[in-house]
Amino acid sequence: MLDSRALRQDPGGVAAALARRGFRFDTEAFVGLEEARKALQVESEALRAERNRFSRQIGESKARGEDASEAMAAVSAAGEQMKLLEAKLAGVQEQLNALLWDLPNLPHESVPEGDSEADNTEIRRWGVIPDFKSPRDHVALGEALGQMDFEAAARISGARFVVLRGQLARLQRALTQFMLDIHTGEHGYTEVYVPDLVGPEALFGTGQLPKFEDDLFRARLDPPLYLIPTAEVPVTNLVRDRILEAEDLPLRMVAHTPCFRSEAGSHGKDTRGMIRQHQFEKVEMVQIRRPEESYPALEELTGHAESILQRLELPYRVVALCGGDLGNSAAKTYDLEVWLPGQASYREISSCSNFEAYQARRLGARWRNPDSGRPEPLHTLNGSGLAVGRTLVAVIENYQEPDGSIRIPEALRPRMGGLERIGAPA
RNA sequence: GGAGAGGUGGCCGAGCGGUUGAAGGCGCACGCCUGGAAAGUGUGUAUACGUUAAUAGCGUAUCGAGGGUUCGAAUCCCUCCCUCUCCGCCA
(Lines give C-alpha, C1' and ligand atoms only; values in the text may rest on other atoms or scores of the structure.)
Protein backbone atom coordinates (compact mmCIF):
# COMPACT_ATOMS: atom_id res chain seq x y z
CA MET A 1 0.00 0.00 0.00
CA LEU A 2 1.28 3.43 -0.90
CA ASP A 3 1.31 6.45 1.35
CA SER A 4 -2.17 7.86 0.85
CA ARG A 5 -1.00 11.33 1.78
CA ALA A 6 1.63 11.32 -0.94
CA LEU A 7 -0.94 9.92 -3.29
CA ARG A 8 -3.29 12.80 -2.63
CA GLN A 9 -0.60 15.43 -2.87
CA ASP A 10 0.93 14.23 -6.09
CA PRO A 11 -1.17 11.68 -7.98
CA GLY A 12 0.60 12.56 -11.21
CA GLY A 13 4.01 11.80 -9.77
CA VAL A 14 2.78 8.47 -8.46
CA ALA A 15 1.28 7.62 -11.83
CA ALA A 16 4.60 8.39 -13.52
CA ALA A 17 6.49 6.18 -11.08
CA LEU A 18 4.01 3.34 -11.54
CA ALA A 19 4.28 3.65 -15.29
CA ARG A 20 7.91 2.55 -14.92
CA ARG A 21 6.66 -0.87 -13.97
CA GLY A 22 3.99 -0.89 -16.63
CA PHE A 23 1.11 -0.11 -14.34
CA ARG A 24 -1.47 2.42 -15.40
CA PHE A 25 -2.83 4.45 -12.50
CA ASP A 26 -6.11 6.14 -13.23
CA THR A 27 -5.47 9.44 -11.49
CA GLU A 28 -8.78 10.94 -12.55
CA ALA A 29 -10.79 8.14 -11.01
CA PHE A 30 -8.70 8.41 -7.89
CA VAL A 31 -8.97 12.17 -7.53
CA GLY A 32 -12.72 12.00 -8.12
CA LEU A 33 -13.23 9.35 -5.47
CA GLU A 34 -10.93 11.13 -3.11
CA GLU A 35 -12.86 14.37 -3.41
CA ALA A 36 -16.15 12.59 -2.86
CA ARG A 37 -14.68 10.85 0.14
CA LYS A 38 -13.46 14.03 1.71
CA ALA A 39 -16.74 15.87 1.24
CA LEU A 40 -18.77 12.99 2.61
CA GLN A 41 -16.44 12.45 5.51
CA VAL A 42 -16.39 16.08 6.58
CA GLU A 43 -20.14 16.31 6.32
CA SER A 44 -20.91 13.13 8.20
CA GLU A 45 -18.40 13.89 10.92
CA ALA A 46 -19.91 17.32 11.45
CA LEU A 47 -23.32 15.77 11.66
CA ARG A 48 -22.13 13.20 14.13
CA ALA A 49 -20.47 15.88 16.24
CA GLU A 50 -23.78 17.68 16.38
CA ARG A 51 -25.59 14.51 17.33
CA ASN A 52 -23.06 13.81 20.05
CA ARG A 53 -23.67 17.26 21.49
CA PHE A 54 -27.41 16.68 21.64
CA SER A 55 -26.93 13.24 23.13
CA ARG A 56 -24.85 14.73 25.89
CA GLN A 57 -27.58 17.28 26.54
CA ILE A 58 -30.15 14.53 26.83
CA GLY A 59 -28.01 12.83 29.41
CA GLU A 60 -27.61 16.03 31.38
CA SER A 61 -31.31 16.90 31.22
CA LYS A 62 -32.37 13.45 32.27
CA ALA A 63 -29.93 13.52 35.15
CA ARG A 64 -31.65 16.68 36.36
CA GLY A 65 -35.04 15.12 35.77
CA GLU A 66 -35.94 17.57 33.01
CA ASP A 67 -37.79 16.88 29.81
CA ALA A 68 -35.49 16.07 26.91
CA SER A 69 -37.92 15.26 24.17
CA GLU A 70 -36.82 18.21 22.03
CA ALA A 71 -33.19 17.15 21.97
CA MET A 72 -34.22 13.55 21.42
CA ALA A 73 -36.15 14.51 18.33
CA ALA A 74 -33.12 16.42 17.03
CA VAL A 75 -30.83 13.47 17.59
CA SER A 76 -33.29 11.16 15.96
CA ALA A 77 -33.44 13.35 12.86
CA ALA A 78 -29.67 13.66 12.68
CA GLY A 79 -29.38 9.90 13.00
CA GLU A 80 -31.52 9.33 9.92
CA GLN A 81 -29.41 11.64 7.82
CA MET A 82 -26.22 10.16 9.18
CA LYS A 83 -27.23 6.69 8.12
CA LEU A 84 -27.63 7.89 4.56
CA LEU A 85 -24.38 9.81 4.50
CA GLU A 86 -22.40 7.04 6.10
CA ALA A 87 -23.71 4.45 3.69
CA LYS A 88 -22.57 6.69 0.83
CA LEU A 89 -19.22 7.24 2.48
CA ALA A 90 -18.75 3.52 3.03
CA GLY A 91 -19.44 2.93 -0.65
CA VAL A 92 -16.88 5.50 -1.75
CA GLN A 93 -14.38 4.25 0.79
CA GLU A 94 -14.78 0.73 -0.54
CA GLN A 95 -14.07 1.82 -4.09
CA LEU A 96 -11.13 3.87 -2.90
CA ASN A 97 -9.72 0.94 -0.96
CA ALA A 98 -10.11 -1.40 -3.90
CA LEU A 99 -8.15 1.07 -5.98
CA LEU A 100 -5.55 1.68 -3.29
CA TRP A 101 -4.96 -1.97 -2.42
CA ASP A 102 -4.50 -2.75 -6.06
CA LEU A 103 -1.64 -0.30 -6.55
CA PRO A 104 1.79 -1.91 -6.70
CA ASN A 105 4.79 -0.42 -4.98
CA LEU A 106 6.78 2.44 -6.49
CA PRO A 107 10.05 1.24 -8.02
CA HIS A 108 13.22 2.62 -6.47
CA GLU A 109 15.11 5.10 -8.61
CA SER A 110 17.92 2.60 -9.15
CA VAL A 111 15.61 0.04 -10.73
CA PRO A 112 16.45 -0.45 -14.42
CA GLU A 113 13.95 0.60 -17.06
CA GLY A 114 12.24 -2.14 -19.00
CA ASP A 115 9.13 -4.20 -19.27
CA SER A 116 10.24 -7.80 -19.23
CA GLU A 117 12.80 -10.25 -17.96
CA ALA A 118 14.92 -9.43 -20.99
CA ASP A 119 15.54 -5.94 -19.61
CA ASN A 120 16.92 -7.04 -16.27
CA THR A 121 20.45 -5.88 -15.58
CA GLU A 122 23.18 -8.31 -14.71
CA ILE A 123 25.10 -6.92 -11.73
CA ARG A 124 27.83 -9.53 -11.29
CA ARG A 125 28.79 -13.15 -11.90
CA TRP A 126 30.51 -15.58 -9.59
CA GLY A 127 32.08 -18.97 -10.12
CA VAL A 128 33.16 -21.00 -13.08
CA ILE A 129 30.62 -22.67 -15.30
CA PRO A 130 31.49 -26.37 -15.40
CA ASP A 131 32.41 -27.78 -18.78
CA PHE A 132 30.43 -30.98 -19.31
CA LYS A 133 30.60 -32.91 -22.55
CA SER A 134 27.04 -34.11 -22.26
CA PRO A 135 25.42 -32.88 -19.08
CA ARG A 136 22.31 -34.62 -17.80
CA ASP A 137 19.60 -32.82 -15.94
CA HIS A 138 18.60 -33.54 -12.35
CA VAL A 139 15.63 -35.63 -13.43
CA ALA A 140 17.74 -38.03 -15.44
CA LEU A 141 20.37 -38.17 -12.73
CA GLY A 142 17.97 -38.50 -9.83
CA GLU A 143 15.81 -41.12 -11.45
CA ALA A 144 18.82 -43.14 -12.51
CA LEU A 145 19.91 -43.16 -8.89
CA GLY A 146 16.46 -44.39 -7.93
CA GLN A 147 16.19 -41.54 -5.45
CA MET A 148 13.96 -39.08 -7.27
CA ASP A 149 10.49 -40.32 -8.14
CA PHE A 150 7.94 -38.14 -9.92
CA GLU A 151 5.67 -41.04 -10.77
CA ALA A 152 5.25 -42.02 -7.16
CA ALA A 153 4.46 -38.43 -6.26
CA ALA A 154 1.95 -38.19 -9.10
CA ARG A 155 0.15 -41.29 -7.87
CA ILE A 156 -0.24 -39.69 -4.48
CA SER A 157 -0.85 -36.05 -5.36
CA GLY A 158 -0.82 -35.48 -9.11
CA ALA A 159 1.53 -33.31 -11.13
CA ARG A 160 4.20 -30.98 -9.73
CA PHE A 161 5.22 -33.04 -6.72
CA VAL A 162 8.26 -35.17 -6.06
CA VAL A 163 9.30 -38.03 -3.83
CA LEU A 164 12.93 -38.11 -2.75
CA ARG A 165 14.52 -41.16 -1.22
CA GLY A 166 17.66 -42.09 0.63
CA GLN A 167 20.69 -39.91 0.21
CA LEU A 168 18.97 -37.38 -2.01
CA ALA A 169 16.33 -36.83 0.64
CA ARG A 170 19.09 -36.50 3.17
CA LEU A 171 20.97 -34.09 0.94
CA GLN A 172 17.99 -31.79 0.86
CA ARG A 173 17.83 -31.89 4.64
CA ALA A 174 21.57 -31.25 4.86
CA LEU A 175 21.20 -28.21 2.62
CA THR A 176 18.43 -26.85 4.78
CA GLN A 177 20.38 -27.23 8.00
CA PHE A 178 23.50 -25.85 6.39
CA MET A 179 21.72 -22.69 5.34
CA LEU A 180 20.02 -22.19 8.68
CA ASP A 181 23.23 -22.67 10.62
CA ILE A 182 25.10 -20.12 8.54
CA HIS A 183 22.41 -17.49 8.74
CA THR A 184 21.96 -17.92 12.47
CA GLY A 185 25.61 -18.53 13.32
CA GLU A 186 27.34 -16.05 11.04
CA HIS A 187 24.83 -13.58 9.65
CA GLY A 188 23.03 -12.63 12.83
CA TYR A 189 19.57 -14.03 12.13
CA THR A 190 17.26 -15.44 14.75
CA GLU A 191 15.67 -18.70 13.73
CA VAL A 192 11.90 -18.72 13.97
CA TYR A 193 9.43 -21.54 13.64
CA VAL A 194 6.13 -20.34 12.27
CA PRO A 195 2.73 -21.60 11.13
CA ASP A 196 2.49 -22.93 7.59
CA LEU A 197 -1.20 -22.07 7.51
CA VAL A 198 -2.19 -18.43 7.72
CA GLY A 199 -5.32 -16.32 7.72
CA PRO A 200 -6.26 -13.80 5.06
CA GLU A 201 -5.15 -10.78 7.12
CA ALA A 202 -1.59 -12.09 7.12
CA LEU A 203 -1.69 -12.54 3.34
CA PHE A 204 -3.14 -9.09 2.93
CA GLY A 205 -0.31 -7.65 4.99
CA THR A 206 2.44 -9.00 2.77
CA GLY A 207 0.51 -8.24 -0.39
CA GLN A 208 -0.61 -11.65 -1.69
CA LEU A 209 -4.25 -10.82 -1.08
CA PRO A 210 -6.54 -9.67 -2.46
CA LYS A 211 -4.83 -9.55 -5.84
CA PHE A 212 -3.13 -12.93 -6.06
CA GLU A 213 -5.52 -15.36 -4.47
CA ASP A 214 -5.27 -17.68 -7.48
CA ASP A 215 -1.64 -18.41 -6.69
CA LEU A 216 -2.53 -19.78 -3.27
CA PHE A 217 -3.86 -23.05 -1.92
CA ARG A 218 -6.76 -22.56 0.43
CA ALA A 219 -6.82 -25.22 3.08
CA ARG A 220 -10.04 -24.28 4.82
CA LEU A 221 -13.00 -22.21 3.81
CA ASP A 222 -14.89 -21.31 6.94
CA PRO A 223 -12.54 -19.25 8.90
CA PRO A 224 -10.31 -19.18 5.83
CA LEU A 225 -6.83 -20.61 6.12
CA TYR A 226 -4.24 -20.72 3.38
CA LEU A 227 -1.05 -22.70 2.91
CA ILE A 228 1.84 -20.28 2.86
CA PRO A 229 3.47 -19.58 -0.52
CA THR A 230 6.61 -18.47 1.34
CA ALA A 231 7.78 -18.01 4.93
CA GLU A 232 7.82 -14.30 4.17
CA VAL A 233 4.12 -14.28 5.04
CA PRO A 234 4.15 -15.61 8.61
CA VAL A 235 7.56 -14.18 9.48
CA THR A 236 6.91 -10.64 8.26
CA ASN A 237 3.52 -10.74 9.96
CA LEU A 238 5.31 -11.16 13.26
CA VAL A 239 5.44 -7.35 13.36
CA ARG A 240 1.87 -6.78 12.24
CA ASP A 241 0.01 -4.18 14.30
CA ARG A 242 3.05 -3.50 16.40
CA ILE A 243 4.94 -0.35 17.26
CA LEU A 244 8.58 -1.24 17.78
CA GLU A 245 11.01 0.83 19.79
CA ALA A 246 14.13 2.09 18.01
CA GLU A 247 16.36 -0.15 20.13
CA ASP A 248 14.45 -3.26 19.00
CA LEU A 249 15.76 -2.72 15.48
CA PRO A 250 16.92 -4.15 13.23
CA LEU A 251 15.17 -7.52 13.31
CA ARG A 252 16.79 -10.32 11.34
CA MET A 253 14.83 -13.55 11.23
CA VAL A 254 15.26 -16.76 9.30
CA ALA A 255 12.81 -19.60 8.90
CA HIS A 256 12.69 -22.90 7.12
CA THR A 257 9.24 -23.82 5.84
CA PRO A 258 7.60 -25.69 3.06
CA CYS A 259 6.05 -23.41 0.46
CA PHE A 260 2.89 -24.10 -1.48
CA ARG A 261 1.99 -22.51 -4.78
CA SER A 262 -0.85 -23.33 -7.07
CA GLU A 263 1.17 -22.19 -10.10
CA ALA A 264 -2.02 -21.04 -11.73
CA GLY A 265 -1.22 -19.56 -15.08
CA SER A 266 2.04 -21.43 -15.51
CA HIS A 267 0.67 -24.49 -17.27
CA GLY A 268 3.22 -26.00 -19.54
CA LYS A 269 6.05 -24.04 -17.92
CA ASP A 270 8.88 -26.00 -16.33
CA THR A 271 6.78 -29.12 -16.33
CA ARG A 272 9.84 -31.34 -16.12
CA GLY A 273 11.60 -31.87 -12.83
CA MET A 274 11.78 -30.09 -9.53
CA ILE A 275 12.06 -26.52 -10.77
CA ARG A 276 8.42 -25.58 -10.42
CA GLN A 277 6.52 -27.62 -7.85
CA HIS A 278 3.35 -27.13 -5.86
CA GLN A 279 5.37 -27.83 -2.74
CA PHE A 280 8.99 -27.02 -2.04
CA GLU A 281 11.30 -26.26 0.85
CA LYS A 282 12.76 -22.84 1.38
CA VAL A 283 14.93 -21.05 3.90
CA GLU A 284 13.81 -17.46 4.05
CA MET A 285 15.52 -14.42 5.53
CA VAL A 286 13.43 -11.48 6.70
CA GLN A 287 14.67 -8.14 7.93
CA ILE A 288 12.73 -5.38 9.65
CA ARG A 289 14.55 -2.08 9.33
CA ARG A 290 14.52 1.61 9.99
CA PRO A 291 13.73 3.28 6.67
CA GLU A 292 17.12 4.92 6.20
CA GLU A 293 18.85 1.55 6.57
CA SER A 294 16.81 -0.50 4.17
CA TYR A 295 18.93 -0.14 1.03
CA PRO A 296 22.21 -1.02 2.70
CA ALA A 297 20.24 -3.87 4.27
CA LEU A 298 19.17 -5.10 0.84
CA GLU A 299 22.81 -5.34 -0.21
CA GLU A 300 23.63 -7.11 3.03
CA LEU A 301 20.80 -9.59 2.69
CA THR A 302 21.64 -10.32 -0.92
CA GLY A 303 25.21 -10.98 0.18
CA HIS A 304 23.95 -13.44 2.78
CA ALA A 305 22.12 -15.40 0.11
CA GLU A 306 25.17 -15.29 -2.17
CA SER A 307 27.39 -16.61 0.57
CA ILE A 308 25.43 -19.87 0.54
CA LEU A 309 25.99 -20.33 -3.18
CA GLN A 310 29.67 -19.51 -2.79
CA ARG A 311 30.20 -22.03 -0.02
CA LEU A 312 28.47 -24.64 -2.14
CA GLU A 313 30.66 -23.52 -5.03
CA LEU A 314 27.73 -23.08 -7.35
CA PRO A 315 28.20 -20.59 -10.19
CA TYR A 316 25.63 -17.83 -10.23
CA ARG A 317 24.88 -14.32 -11.27
CA VAL A 318 23.07 -11.43 -9.62
CA VAL A 319 20.42 -9.64 -11.62
CA ALA A 320 18.58 -6.41 -10.82
CA LEU A 321 14.97 -6.74 -11.89
CA CYS A 322 13.71 -4.05 -14.20
CA GLY A 323 10.52 -2.12 -13.49
CA GLY A 324 8.34 -4.39 -15.57
CA ASP A 325 9.61 -7.59 -13.95
CA LEU A 326 9.34 -6.35 -10.38
CA GLY A 327 6.99 -8.13 -8.01
CA ASN A 328 3.89 -6.24 -6.97
CA SER A 329 5.04 -5.31 -3.46
CA ALA A 330 8.74 -4.77 -4.13
CA ALA A 331 10.51 -1.44 -4.61
CA LYS A 332 13.69 -3.17 -5.68
CA THR A 333 14.67 -6.78 -6.22
CA TYR A 334 17.87 -8.69 -6.89
CA ASP A 335 17.43 -12.17 -8.25
CA LEU A 336 20.18 -14.69 -7.72
CA GLU A 337 20.36 -17.06 -10.65
CA VAL A 338 22.28 -20.29 -10.36
CA TRP A 339 23.82 -22.07 -13.32
CA LEU A 340 21.98 -25.24 -14.28
CA PRO A 341 24.01 -27.41 -16.65
CA GLY A 342 20.92 -29.46 -17.49
CA GLN A 343 19.30 -26.38 -18.99
CA ALA A 344 22.52 -24.61 -19.91
CA SER A 345 21.12 -21.46 -18.36
CA TYR A 346 20.89 -19.40 -15.21
CA ARG A 347 17.73 -20.00 -13.18
CA GLU A 348 16.35 -18.06 -10.24
CA ILE A 349 17.29 -19.56 -6.92
CA SER A 350 16.74 -16.55 -4.68
CA SER A 351 14.88 -13.29 -4.84
CA CYS A 352 15.94 -10.53 -2.46
CA SER A 353 13.65 -7.54 -2.15
CA ASN A 354 13.22 -4.29 -0.34
CA PHE A 355 9.54 -3.52 0.11
CA GLU A 356 10.23 -0.20 1.77
CA ALA A 357 7.05 0.77 3.64
CA TYR A 358 4.62 -0.94 1.26
CA GLN A 359 4.06 -4.05 3.35
CA ALA A 360 4.52 -2.18 6.61
CA ARG A 361 1.58 0.09 5.81
CA ARG A 362 -0.65 -2.84 5.02
CA LEU A 363 0.59 -4.61 8.14
CA GLY A 364 0.48 -1.68 10.52
CA ALA A 365 4.13 -2.42 11.30
CA ARG A 366 5.64 0.70 12.78
CA TRP A 367 8.43 1.96 14.96
CA ARG A 368 8.65 4.96 17.19
CA ASN A 369 11.04 7.31 15.45
CA PRO A 370 12.95 9.14 18.18
CA ASP A 371 13.46 12.13 15.89
CA SER A 372 9.76 12.74 15.42
CA GLY A 373 8.51 10.94 18.51
CA ARG A 374 5.80 9.45 16.34
CA PRO A 375 5.01 5.97 15.06
CA GLU A 376 6.16 5.63 11.46
CA PRO A 377 6.06 2.70 9.06
CA LEU A 378 9.06 0.40 9.08
CA HIS A 379 10.78 -1.04 6.06
CA THR A 380 10.57 -4.76 5.40
CA LEU A 381 12.90 -6.91 3.33
CA ASN A 382 13.20 -10.55 2.54
CA GLY A 383 15.12 -12.96 0.43
CA SER A 384 15.43 -16.66 -0.13
CA GLY A 385 18.50 -18.03 1.46
CA LEU A 386 17.92 -20.21 -0.54
CA ALA A 387 15.16 -22.07 -2.29
CA VAL A 388 16.20 -25.50 -1.08
CA GLY A 389 14.56 -27.56 -3.81
CA ARG A 390 16.28 -25.60 -6.53
CA THR A 391 19.54 -25.70 -4.63
CA LEU A 392 19.29 -29.48 -4.59
CA VAL A 393 18.75 -29.39 -8.35
CA ALA A 394 21.78 -27.13 -8.76
CA VAL A 395 23.99 -29.40 -6.66
CA ILE A 396 22.90 -32.50 -8.54
CA GLU A 397 23.50 -30.96 -11.94
CA ASN A 398 26.73 -29.11 -11.17
CA TYR A 399 28.31 -31.97 -9.24
CA GLN A 400 27.41 -34.76 -11.65
CA GLU A 401 30.03 -37.24 -12.77
CA PRO A 402 30.11 -39.00 -16.13
CA ASP A 403 29.10 -42.24 -14.40
CA GLY A 404 25.92 -40.63 -13.09
CA SER A 405 27.08 -40.25 -9.52
CA ILE A 406 26.87 -36.96 -7.65
CA ARG A 407 29.79 -35.59 -5.71
CA ILE A 408 28.85 -33.95 -2.47
CA PRO A 409 30.05 -30.37 -2.01
CA GLU A 410 32.79 -30.16 0.62
CA ALA A 411 30.71 -27.88 2.80
CA LEU A 412 27.94 -30.46 3.08
CA ARG A 413 30.00 -33.56 3.77
CA PRO A 414 29.99 -33.21 7.57
CA ARG A 415 26.21 -33.22 7.41
CA MET A 416 26.17 -36.27 5.15
CA GLY A 417 28.11 -38.41 7.57
CA GLY A 418 31.31 -37.84 5.61
CA LEU A 419 29.82 -39.19 2.40
CA GLU A 420 31.72 -37.92 -0.64
CA ARG A 421 29.40 -38.96 -3.38
CA ILE A 422 25.97 -40.36 -4.00
CA GLY A 423 25.76 -43.42 -6.22
CA ALA A 424 29.44 -44.27 -6.27
CA PRO A 425 30.30 -46.55 -9.19
CA ALA A 426 30.17 -50.21 -8.40
C1' G B 1 -15.70 -33.01 20.57
C1' G B 2 -18.47 -31.94 25.66
C1' A B 3 -18.98 -28.47 30.06
C1' G B 4 -17.70 -23.83 32.17
C1' A B 5 -15.11 -18.89 32.64
C1' G B 6 -13.31 -14.79 30.19
C1' G B 7 -11.55 -11.10 26.25
C1' U B 8 -11.22 -3.16 28.45
C1' G B 9 -5.14 1.47 27.33
C1' G B 10 2.42 -0.93 27.42
C1' C B 11 0.82 -4.26 31.74
C1' C B 12 -2.76 -5.21 35.88
C1' G B 13 -7.65 -3.84 36.85
C1' A B 14 -12.71 -0.85 37.67
C1' G B 15 -16.76 0.33 34.90
C1' C B 16 -25.57 1.80 37.07
C1' G B 17 -27.34 2.32 28.96
C1' G B 18 -26.12 8.85 29.07
C1' U B 19 -21.17 14.60 30.07
C1' U B 20 -16.11 7.48 29.86
C1' G B 21 -10.75 7.63 25.54
C1' A B 22 -12.49 5.15 29.60
C1' A B 23 -11.58 5.25 37.63
C1' G B 24 -7.42 3.16 40.26
C1' G B 25 -2.67 0.86 40.26
C1' C B 26 2.01 -0.59 37.91
C1' G B 27 5.42 0.77 34.36
C1' C B 28 7.49 4.85 31.62
C1' A B 29 8.89 10.37 30.83
C1' C B 30 9.83 15.06 32.88
C1' G B 31 9.99 18.16 37.36
C1' C B 32 10.24 18.91 42.80
C1' C B 33 12.62 16.99 47.07
C1' U B 34 18.08 15.00 48.09
C1' G B 35 25.15 16.02 48.90
C1' G B 36 23.85 11.65 45.57
C1' A B 37 20.30 7.79 45.34
C1' A B 38 15.96 5.37 47.27
C1' A B 39 11.46 6.73 49.31
C1' G B 40 8.02 10.65 48.86
C1' U B 41 5.57 14.17 45.72
C1' G B 42 3.61 16.92 41.14
C1' U B 43 2.56 16.73 35.99
C1' G B 44 2.26 13.98 31.75
C1' U B 45 1.84 9.24 29.28
C1' A B 46 -2.90 5.33 23.03
C1' U B 47 -3.78 5.03 17.81
C1' A B 48 -5.96 6.34 13.13
C1' C B 49 -8.46 9.73 10.09
C1' G B 50 -10.17 14.82 9.01
C1' U B 51 -9.18 20.17 9.44
C1' U B 52 -4.32 22.87 9.89
C1' A B 53 1.93 25.64 8.50
C1' A B 54 1.78 22.64 12.93
C1' U B 55 4.11 16.37 15.82
C1' A B 56 -0.81 23.55 18.49
C1' G B 57 -5.94 23.46 18.85
C1' C B 58 -10.66 21.38 17.30
C1' G B 59 -13.69 17.32 15.29
C1' U B 60 -14.60 11.93 14.34
C1' A B 61 -13.63 6.87 15.33
C1' U B 62 -11.61 2.86 18.26
C1' C B 63 -13.10 -1.15 25.13
C1' G B 64 -11.64 -9.12 20.46
C1' A B 65 -14.51 -8.84 15.24
C1' G B 66 -19.12 -8.15 12.77
C1' G B 67 -24.32 -7.24 13.07
C1' G B 68 -28.72 -5.64 15.99
C1' U B 69 -31.86 -2.98 19.88
C1' U B 70 -31.90 2.36 21.45
C1' C B 71 -32.54 9.33 20.87
C1' G B 72 -27.79 7.34 22.94
C1' A B 73 -23.93 0.98 23.81
C1' A B 74 -17.51 -0.73 26.81
C1' U B 75 -22.30 -1.64 29.26
C1' C B 76 -28.40 -5.13 26.49
C1' C B 77 -29.24 -9.05 22.26
C1' C B 78 -27.26 -12.26 18.12
C1' U B 79 -23.20 -14.48 15.22
C1' C B 80 -18.14 -15.39 14.81
C1' C B 81 -12.92 -15.43 16.54
C1' C B 82 -9.48 -16.03 20.43
C1' U B 83 -7.71 -17.27 25.55
C1' C B 84 -8.11 -20.08 30.12
C1' U B 85 -10.03 -24.45 33.30
C1' C B 86 -12.07 -29.49 33.56
C1' C B 87 -13.43 -34.03 30.74
C1' G B 88 -12.69 -36.88 26.22
C1' C B 89 -9.35 -37.73 22.10
C1' C B 90 -4.53 -37.23 20.23
C1' A B 91 1.49 -36.38 17.78
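Note that the structure is predicted; figures quoted are calculated from it, not measured.

K.L.:
Is there a simple way to explain the layout of surface pockets in this structure?
P.N.:
Regions of empty space are outlined by a rolling probe, equal in size to a water molecule, passed over the atoms. In this structure, the largest pocket encloses a volume near 1,700 Å³. Secondary structure elements with two or more residues in the lining of the largest pocket: β10 (279-289), β11 (316-320), β12 (332-340), β13 (345-354), β16 (379-387) and α12 (388-398). Per element, the largest residue contribution to the lining of the largest pocket is seven residues, and it comes from β13. Here the lining of the largest pocket is built from residues that sort into 14 nonpolar, 19 polar and 16 charged.

K.L.:
Help me understand the protein's contact with RNA strand B in this model?
P.N.:
Around RNA strand B, 26 residues are found, and the nearest of them are Arg8, Lys38, Arg48, Val75 and Arg366. Of everything in RNA strand B that lies within 4 Å of the protein, sugar and phosphate atoms constitute 71%. At 2.2 Å from a phosphate oxygen of RNA strand B is found a side-chain nitrogen or oxygen belonging to arginine 8. At a separation of 2.9 Å, a phosphate oxygen of RNA strand B approaches a polar side-chain atom of arginine 368. Looking at the surface near RNA strand B, the elements that each hand over two or more residues are α1 (4-9), α3 (27-63), α4 (69-102), β14 (365-369) and β15 (374-377).

K.L.:
Just checking my understanding: could you explain the environment of isoleucine 406 for this structure?
P.N.:
With respect to the element layout, isoleucine 406 can be found in strand β17 (residues 406-407). Given a relative accessible area of 0%, isoleucine 406 falls into the buried group. Put simply, isoleucine 406 and glutamate 293 are 113 residues apart on the chain and 42 Å apart in space, counted from C-alpha to C-alpha. Those residues within four positions of isoleucine 406 in sequence are excluded, and the remaining contacts are Leu141, Leu145, Val395, Ile396, Tyr399, Gln400, Glu420, Arg421 and Ile422.

K.L.:
Just checking my understanding: could you explain the sheet that holds strand β5 (residues 197-198) for this structure?
P.N.:
Each strand in a sheet pairs with another by means of backbone hydrogen bonds, the pair being arranged parallel or else antiparallel. An order of β5-β7-β6 is seen for the three strands of this open sheet, with the pairing classed as antiparallel. Across the chains shown, the open sheet's two edge strands, defined by having one partner strand only, are β5 and β6 (217-220). Where β6 lies against strand β7 (residues 225-227), three bridges are found, and the strand directions are antiparallel. The partner of arginine 218 across the bridge, within β7, is tyrosine 226.

K.L.:
Could you clarify how one ought to interpret the sheet that holds strand β8 (residues 242-244) in this entry?
P.N.:
Read across the open sheet, the three strands follow the order β8-β14-β15; overall the sheet is mixed. Edge strands, defined here as strands with exactly one partner in the open sheet, are β8 and β15. Taken pair by pair, the neighbouring strands of this sheet meet at an average axis angle of 40°, ignoring direction. Here β8 pairs with β14 via three bridges, running parallel. Within β14, the residue paired with leucine 244 across the bridge is tryptophan 367.

K.L.:
Help me understand the packing of helix α7 (residues 166-185) against α12, please; the structure alone is not making it clear to me.
P.N.:
Each pair of packed helices gets described by two things: the angle between the helix axes and the distance between those axes. The contact between α7 and α12 brings their axes to 10 Å, and the two run at 115°. The two elements α7 and α12 cross, and the hand of that crossing is right-handed. Residues Leu168, Leu171, Gln172, Leu175, Thr176 and Met179 of α7 form the contact with α12, whose own contacting residues are Val388, Gly389, Thr391, Leu392, Val395 and Ile396. Among the residues forming the contact of α7 with α12, the class breakdown is eight nonpolar, four polar and no charged.

K.L.:
Mind showing me how you'd approach the nonpolar core here?
P.N.:
Within soluble globular proteins, side chains that are nonpolar generally end up buried alongside one another. Formed by 52 residues in total, the largest nonpolar core has its most connected members in Leu171, Leu175, Leu309, Leu314 and Leu386. For leucine 175, the residues in contact, after removing those within four places along its chain, are Leu312, Val388, Thr391, Leu392, Val395 and Leu412.

K.L.:
Sorry, what's going on with the state of the cysteines here?
P.N.:
When the sulfur atoms of two cysteines share a covalent bond, that bond is a disulfide. Tallying each qualifying case throughout the model produces zero disulfides. Note on cysteine 259: no disulfide assigned, nearest cysteine sulfur contributed by cysteine 352 at a separation of 14 Å. Owing to a relative accessible area of 0%, cysteine 259 belongs among the buried residues under this scheme. Note on cysteine 322: no disulfide assigned, nearest cysteine sulfur contributed by cysteine 352 at a separation of 17 Å. When its relative accessible area of 0% is taken as the criterion, cysteine 322 is described as buried.

K.L.:
Would you mind going over the environment of arginine 124 with me for this structure?
P.N.:
Mapped onto the elements, arginine 124 comes out in strand β1 (residues 121-126). Take arginine 124: its relative accessible area is 33%, and that puts it in the partly exposed class. When the C-alpha atoms of arginine 124 and leucine 336 are compared, they prove to be 9.9 Å apart, with 212 residues separating the residues in sequence. Once you skip the residues sitting within four places of it in the chain, arginine 124 turns out to touch Thr302, Glu306, Tyr316, Arg317 and Val318. Side-chain polar atoms of arginine 124 contact the side chain of glutamate 306, separated by 2.6 Å.

Criteria and cut-off values
- Residues numbered from 1 in each chain as written.
- Chains lettered and ligands numbered in written order.
- Predicted model: local features only at pLDDT ≥ 70, side-chain atom pairs only at ≥ 80, totals over all residues.
- Heavy atoms only, no water.
- 1 Å grid on protein atoms, 1.4 Å probe; cavity = no way out; pocket = protein on both sides within 12 Å on 5 of 7 lines; lining within 4 Å.
- Points joined across faces, edges and corners; volume = space filled by probe spheres on them.
- Helix = DSSP H or I, 4+ residues; strand = E, 2+ residues; numbered from the N terminus.
- Nonpolar A, V, L, I, M, F, W, Y, C, P; charged D, E, K, R; others polar.
- Near = heavy atom within 4 Å.
- Polar contact = N/O pair within 3.5 Å; in protein donor to acceptor, adjacent residues only side chain to side chain.
- Buried < 20%, exposed > 50% of the residue type's maximum accessible area, 1.4 Å probe, protein only.
- Contact = heavy atoms within 4.5 Å.
- Pairing = 2+ DSSP bridges.
- Axes fitted to C-alpha atoms, helices over the stretch in contact; angles between N-to-C directions.
- Left-handed = near helix turned anticlockwise from the far one by under 90°.
- Core = buried A, V, L, I, M, F, W, Y, C linked by side-chain atoms within 4.5 Å.
- Disulfide = S-S within 2.5 Å.

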